[in-house]
Amino acid sequence: MQLKPINQQVVAVVGASSGIGRDTALQFAKRGAKLVVSARSESKLASLVDEIRGNGCEATAVVADVSVFEQVKAIADRTVEVYGRLDTWVHLPAVGIFATFDNTTPEEFKRVIDVSLMGQVYGAMAALPHLKREGRGALIHISSMEGVRSLPYQSAYSAAKHGIEGFIEAMRLELQHENIPVSVTSVKPSVINTPFWNNGLTKLGVKPAGIPPYYDPRLVADAILYVAEHPTRDFLVGDSARALAALQRLSPELADSLLLLIGFQGQRSNQPKSPDDRNNLYEPVPSDTRVDGDYSHLVIPSVTDWLAKNPALQLGAIAGVMALALLATQSFNNEK
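Rules of the game
- Residues numbered from 1 in each chain as written.
- Predicted model: local features only at pLDDT ≥ 70, side-chain atom pairs only at ≥ 80, totals over all residues.
- Heavy atoms only, no water.
- Helix = DSSP H or I, 4+ residues; strand = E, 2+ residues; numbered from the N terminus.
- Contact = heavy atoms within 4.5 Å.
- Salt bridge = Lys/Arg side-chain N within 4 Å of Asp/Glu carboxyl O.
- Buried < 20%, exposed > 50% of the residue type's maximum accessible area, 1.4 Å probe, protein only.
- Patch = residues over 30% accessible without salt bridge, like charges linked within 9 Å, V, L, I, M, F, W, Y side chains within 5 Å.
- Areas by Shrake-Rupley, 256 points an atom, 1.4 Å probe, with all protein chains shown as cover.
- Expected span 1.5 Å × (residues − 1).
- Arc of directions from axis to C-beta.
- Phe/Tyr/Trp six-rings, centres within 6.5 Å; stacked < 30°, edge-to-face > 60°.
- Pairing = 2+ DSSP bridges.
- Axes fitted to C-alpha atoms, helices over the stretch in contact; angles between N-to-C directions.

Chemist: Teacher, can you tell me more about the environment of Y157 here?
Modeler: Here Y157 lies in helix α5 (residues 155-177). On a C-alpha basis, the gap between Y157 and L117 in space is 8.7 Å, while along the polypeptide they are 40 residues apart. In contact with Y157, other than residues within four places in its own chain, are A94, V95, G96, V112, S144, E146 and F196.

Chemist: Looking at this model, I keep getting lost on the pattern of salt bridges. Mind explaining?
Modeler: Two side chains bearing opposite charge may form a pair once their charged atoms approach each other closely. The final tally for this structure, using the stated rule, is 21 salt bridges. Here R78 ties to E81 by a salt bridge, and the two come within 2.9 Å at their closest N and O atoms. Of this pair, R78 and E81 both sit in helix α3 (residues 69-83), three residues apart, which is roughly one turn of the helix. The exposure class of E81 is exposed, given its relative accessible area of 59%. Between K188 and D234 there is a salt bridge, with its nearest N and O atoms 2.4 Å apart.

Chemist: Sorry, what's going on with a nonpolar patch on the surface here?
Modeler: On the surface, L258, L261 and I262 cluster together into a nonpolar patch covering about 280 Å² of accessible area. In this structure, I262 sits in helix α9 (residues 252-262). By relative accessible area, which is 36% here, I262 ends up partly exposed.

Chemist: Please clarify how helix α2 (residues 42-54) should be interpreted in this entry.
Modeler: The α-helix winds at 3.6 residues per turn, so residues separated by three or four positions along the chain end up facing the same way. Between its first and last C-alpha, α2 extends 18 Å over 13 residues, near the 18 Å set by a 1.5 Å rise per residue. For α2, the full list of buried residues reads K44, L45, L48, V49 and I52. All buried residues of α2 project into a common sector of 135 degrees when viewed along the axis, lining one side. The exposed set on the far side of α2, more than 90 degrees from its buried face, consists of E42, S43, D50 and G54. For α2, the elements touching its buried residues are α1 (19-30), β2 (34-39) and β3 (59-63). G56 lies just past α2 and shows a positive phi near 80 degrees.

Chemist: What is the right way to read the packing of aromatic side chains from this model?
Modeler: What characterises a pair of aromatic rings is the spacing of the ring centres plus the angle enclosed by the ring planes. All told, the structure shown has 10 aromatic pairs when counted by the stated rule. For the ring pair F196 and W197, a centre distance of 5.1 Å and an interplane angle of 85 degrees mean the geometry is edge-to-face. This pair shows no difference in class: F196 is buried, exactly as W197 is. Following the ring pairs from residue to residue traces out a cluster consisting of F98, Y157, F196, W197, Y214 and Y295.

Chemist: For this particular structure, what's the right way to read the side chain of T202?
Modeler: By the secondary structure assignment, T202 is in strand β8 (residues 201-202). A residue is classified by how much of its surface remains accessible, and T202, at 0% relative accessible area, is buried.

Chemist: Looking at this model, I keep getting lost on the pairing of strand β4 (residues 88-91). Mind explaining?
Modeler: Each regular strand carries side chains that alternate between the two faces of the sheet. Burial of the side chains of β4 extends over both faces: T88 and V90 are buried on one face and W89 and H91 on the other. Examined bridge by bridge, strand β1 (residues 10-14) and β4 share four bridges and lie parallel to one another. Bridge assignment links V14 to a residue of β4, and that residue is H91. Pairing analysis gives four bridges linking β4 to strand β6 (residues 137-142), with the strands arranged parallel. Following the sheet pairing, W89 is matched in β6 by L139.

Chemist: What is the right way to read the sheet that holds β3 from this model?
Modeler: Each strand in a sheet pairs with another by means of backbone hydrogen bonds, the pair being arranged parallel or else antiparallel. In spatial order, the strands read β3-β2-β1-β4-β6-β7-β10; together these seven strands make up an open sheet with parallel pairing. Each of the sheet's edge strands pairs with one partner strand only, and the pair in question is β3 and β10 (234-237). Sheet twist, expressed as the mean angle between neighbouring strand axes with direction ignored, is 15 degrees. The pairing of β6 with strand β7 (residues 182-189) spans six bridges and is parallel. What sits directly across from I142, in β7, is V187. Strand contacts of helix α4 (residues 106-134): β4, β6 and β7, with the helix running at about 175 degrees to β6, the strand carrying the most contacts. In the packing of α5 onto the sheet, the strands contacted are β6, β7 and β10, and the crossing angle to β7 comes to about 160 degrees.

Below, the structure is given as structure tokens:
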């Protein structure tokens, strides 16, 4: 399967007004892609389009709530109407509620599912007919490490991310069975320093936080651009996501023990916040167009992302570790 170079692509970035989505759109534009950007807030989209066009690039805005299929379909249809085709669909929107499961209402849980899971489903349903007609392309779904391992206080969000993994695995197999060359990727970020933590509805009594360490949102945008050119099944962003995924495979009980130690207090800041304070569960937060959140002082680099984008070096690193392990074993046996 071969994907077009980014400078030849028409890309729809859904959830582009702030955070990872905003930087992703800006990076695609800088690399020469033609863009359609979408979010719920018209004013925040307008500022993004102005920034993109100010850099001499092309972009069209479509206001949409991803919990409504007709509005998601309108994004894909508008992309084809303006640019003649769709090559890559990037779907990011998610909302969160930070509360114990028994302190979450049915309506709140359903709203998280409607946006964070059904929005992703609607995105694939809207984009896939255009990609199939084009004969190739990429569906890029932004999931989370919580699609591998659920966290306390985030039962609805974790359920949505697990659901994303379920439907795209089935869809990917169906496309392969029909020999349709569409790349389907799940990007699974670690804890990322975006405004997500500011915007979630919280019943913890404080502003929510991610379990450190945090990673730069630009790492996720870099991963998205990478998989837009390189067909990839899964791309975990951040060393901690890979470590937690490995621990979950090795021993879910051990992962439970770790999260019992750090998963509760680690998600609580020391800043008071009420459930009635501003959040984006039902409406966008006005004027917040930031890429970065409030935890920049806790951001660290990630080594494994670079390796994941350089498979030859990754294999070399694995081979080196195996060789060292073999030498250590031989040395140990000789000393006996």
